[in-house]
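# Descriptive analysis of the structure
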Amino acid sequence: MKTEPIPVDVLAVGAHPDDIELSMAGTLLKLGALGYRIGLVDLTRGELGSRGTPADRRAEALEAAHRLDAAFRANLDLPDGAVSATEDARRVMVRVIRRSRPKIIFTHHPTEEHPDHVHGSRIVAEACHHARLVNYDREPGLERHRPNALIHFAVTPNVLPTFFVDISEHFDAKYHVITAHASQFHRPGSREPETYLSKGDFLKQRRATDIHRGGLIGVSAAEGFVVSQPLAVADPVAFF
Ligand SMILES: [Zn+2]
């Protein structure tokens, strides 16, 4: 697996090293099984986190990417806790998009609580726009690129998903991917500070959310997403 962007079908961008997995590991496993190439980008190394060193977190992120069979996992090394939609950050993300040339991009929803998620979402949205401008950042060898869709994670209670993905066949594997980030979750006897993620019930509750969402569409488990752009449906009968 590479640590720099290469061409893929699907790009997922998260602020911290476990955000992508917690938001959509099941969908990524499904897309991989369907034959699509997956690329992962973390904006920060999670150095502000209460548990796990940056080195631990890097090793865990690479293990998770391996479990997802990702083509690459890159880290932009933006400052954890101070992610901001600066011109530098936007330009770096444009280069990631132009190198990886994804058909679709997934990232945080702009109304999530953590400021890094909010600003990360904005960086990705602005970079999606500028990546298509031929005269923006004329880096030699990089062609402009326009992804077909920017899709947001729907992981917070204030967000109503636009669509759900059936992950029933990848439900157990999803949590195998997530628990690659072992430093972040409950470990009996650990002396590290307790966090929202490390409380004993956290993963049980995430599983329950997936199962509940599955029930909404008549399957065992599902993940939800938001598309904010207008959907062009050529054949409503086939689509629905
Ligand atoms: Zn995060």
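Here, every reference points to the structure presented above.
Residues numbered from 1 in each chain as written. Predicted model: local features only at pLDDT ≥ 70, side-chain atom pairs only at ≥ 80, totals over all residues. Heavy atoms only, no water.

Take the overall build of the protein next. Secondary structure assignment for the protein yields seven helices and seven strands. Counting from the amino terminus, the protein carries its helices and strands in the arrangement β-α-β-α-β-α-β-α-β-β-α-α-β-α. Expected size for 240 residues packed as a compact globule is a radius of gyration near 18 Å; at 17 Å, the protein falls within 12% of this value. Structurally, the protein occupies a C-alpha span of about 55 × 45 × 30 Å along its principal axes. Counting over 240 residues, the protein shows a buried share of 49%. Contacts in the protein between residues far apart in sequence, at least 24 positions, make up 82% of those at least 6 positions apart. Taking the 29 positively charged and 31 negatively charged side chains of the protein as two groups, their mean positions are separated by 4 Å. (Helix = DSSP H or I, 4+ residues; strand = E, 2+ residues; numbered from the N terminus. Rg over C-alpha atoms; globule rule 2.2 N^0.38 Å. Buried < 20%, exposed > 50% of the residue type's maximum accessible area, 1.4 Å probe, protein only. Contact = heavy atoms within 4.5 Å. Lys, Arg positive; Asp, Glu negative; His and termini not counted. Charge placed at Lys NZ, Arg CZ, Asp CG, Glu CD.)

Summed over the entire model, instances satisfying the criterion amount to 16 salt bridges. Arg-57 serves as the salt-bridge partner of Asp-18, at 3.6 Å between the closest nitrogen and oxygen. In this pair, Asp-18 sits in the loop between strand 1 (10-14) and helix 1 (19-33) while Arg-57 sits in helix 2 (residues 54-67), placing the two residues 39 residues apart along the sequence. Take Asp-18: its relative accessible area is 5%, and that puts it in the buried class. By relative accessible area, Arg-57 is classed as buried at 4%. Across the salt bridge formed by Asp-201 and Lys-204, the nearest N and O atoms sit 3.3 Å from each other. (Salt bridge = Lys/Arg side-chain N within 4 Å of Asp/Glu carboxyl O.)

This paragraph deals with the coordination of the zinc ion. Perfect tetrahedral coordination of a metal by four donors corresponds to 109.5 degrees between them, and perfect octahedral coordination by six donors corresponds to 90 or 180 degrees. At 2.1 to 2.4 Å from the zinc ion lie its protein donor atoms, namely His-16 (ND1), Asp-19 (OD), Asp-19 (OD) and His-117 (NE2). What the four donor atoms of the zinc ion show is an angle range of 56 to 139° at the metal, which sorts the shape as irregular. Here the donor residues of the zinc ion share one chain and are spaced in sequence as H-x2-D-x97-H. Of this pair, His-16 sits in the loop between strand 1 and helix 1 while His-117 sits in helix 4 (residues 115-130), placing them 101 residues apart in sequence. Residues His-16 and His-117 agree in their burial class; the two are buried. (Donors = N, O, S within 2.8 Å, 3.2 Å for Na, K, Ca; no water. Tetrahedral: all angles 85-135°; square planar, octahedral: opposite > 155°, others 65-115°.)

Here we take up the pairing of strand 5 (residues 149-153). Burial within strand 5 is extensive, with five of its five residues counted as buried. As paired strands, strand 4 (residues 104-107) and strand 5 are joined by four bridges and run parallel to one another. Residue Ile-104 lies in a different strand from strand 5, and its bridge partner there is Ala-149. Once you follow strand 4 into helix 4 and on to strand 5, the crossover reads as right-handed. Bridge analysis of strand 5 against strand 7 (residues 222-227) gives three bridges, and the strand direction is antiparallel. The residue of strand 7 that forms the bridge with Ile-151 is Val-227. (Pairing = 2+ DSSP bridges. Right-handed = clockwise from strand over helix to strand, strands pointing away.)

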